[in-house]
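Here's the letter readout for the chains.
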Amino acid sequence: MGKVRELLVEKGRVACQEGVAVTLDRCRFCAHSKAFRLTGVWITSPARAYCLRSTVVKEVNLDRVEAVQCDDDGTDGYRSIMSIIS
């Protein structure tokens with residue numbers, strides 16, 4: 001995993017790769033999503049928590065997310081956790 005990027009949310013989407021905006025619903029199932037920022041507080045991504053066999057203590061209200069921490073360098077893009085957990 002590389003450097004963590006902070007992707008700002010615009011109209012419920014983040015710029016996953018150059019020219020590619022994805023919805024937060026998709027982002028929460030991406031292996032690269034590390035955390036979601038809600039009103040200035042970072043909450044562990046449901047995908048990351050599941051992959052690390054830990055739990056998320058708070059539900060992520062995607063309507064209030066301001067930014068997403070992503071450890072993709074912008075070249076891989078969306079990678080579903082479904083291939084990891086199946």
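Just so we're clear, the structure is a prediction, and the values are computed from it rather than from any experiment.

1. A few points about the nonpolar core
Then step 1. Within the largest apolar cluster, 15 residues are counted, with the highest numbers of intra-cluster contacts made by V14, L24, F36, V60, V65 and V68.
Then step 2. Looking at this core, the elements with two or more residues in it are strand 2 (13–17), helix 1 (24–27), strand 4 (33–38) and strand 6 (65–70).
Then step 3. A total of three residues in this core trace back to one element, the largest contributor, which is strand 6.
Then step 4. Setting aside residues up to four positions removed in sequence, V14 forms contacts with L7, L8, V9, V20, A21, V22, L24, C27 and V68.

2. Concerning unusual backbone geometry
Then step 1. You will see that K11, though not glycine, has its phi angle at about 55 degrees, which is positive.
Then step 2. Summarising the element assignment, K11 is placed in the loop between strand 1 (5–8) and strand 2.
Then step 3. When its relative accessible area of 85% is taken as the criterion, K11 is described as exposed.
Then step 4. Phi at T39 is positive, roughly 45 degrees, even though this residue is not glycine.
Then step 5. Relative to the helices and strands, T39 is located in the loop between strand 4 and strand 5 (41–44).

3. Digging into the side chain of Q69
Then step 1. Its location among the elements puts Q69 in strand 6.
Then step 2. Non-local contacts of Q69, meaning those with residues more than four positions away in its chain, are made with V4, R5, H32, S33, K34, A35 and W42.

4. Describing the pairing of strand 5
Consecutive side chains along a regular strand alternate between the two faces of the sheet.
Then step 1. Inspection of the sheet shows strand 4 paired to strand 5 by four bridges, in the antiparallel sense. By the bridge assignment, A35 is partnered in strand 5 with T44.

5. Re the environment of V20
Then step 1. As for its placement among the helices and strands, V20 is situated in strand 3 (residues 20–23).
Then step 2. With 54 residues separating them along the chain, V20 and G74 place their C-alpha atoms 9.8 Å apart.
Then step 3. Setting aside residues no more than four positions away along its own chain, V20 makes contact with V14 and A15.

6. A look at the side chain of D71
Then step 1. Summarising the element assignment, D71 is placed in the loop between strand 6 and helix 3 (82–85).
Then step 2. Judged by relative accessible area, which is 5%, D71 ranks as buried.

7. Points about the pattern of salt bridges
Then step 1. Scanning the entire structure with this criterion turns up three salt bridges.
Then step 2. A salt bridge links R37 to E6; its shortest N-O distance comes to 2.7 Å. Note that R37 is positioned in strand 4 and E6 in strand 1, a separation of 31 residues in sequence.
Then step 3. Take R37: its relative accessible area is 18%, and that puts it in the buried class.
Then step 4. Judged by its relative accessible area of 44%, E6 falls in the partly exposed class.
Then step 5. Between R37 and E66 there is a salt bridge, with its nearest N and O atoms 3.0 Å apart. Here R37, found in strand 4, pairs with E66, found in strand 6; they are 29 residues apart in sequence, far enough to count as distant.

Thresholds applied
Residues numbered from 1 in each chain as written. Predicted model: local features only at pLDDT ≥ 70, side-chain atom pairs only at ≥ 80, totals over all residues. Heavy atoms only, no water. Core = buried A, V, L, I, M, F, W, Y, C linked by side-chain atoms within 4.5 Å. Buried < 20%, exposed > 50% of the residue type's maximum accessible area, 1.4 Å probe, protein only. Helix = DSSP H or I, 4+ residues; strand = E, 2+ residues; numbered from the N terminus. Contact = heavy atoms within 4.5 Å. Pairing = 2+ DSSP bridges. Salt bridge = Lys/Arg side-chain N within 4 Å of Asp/Glu carboxyl O.

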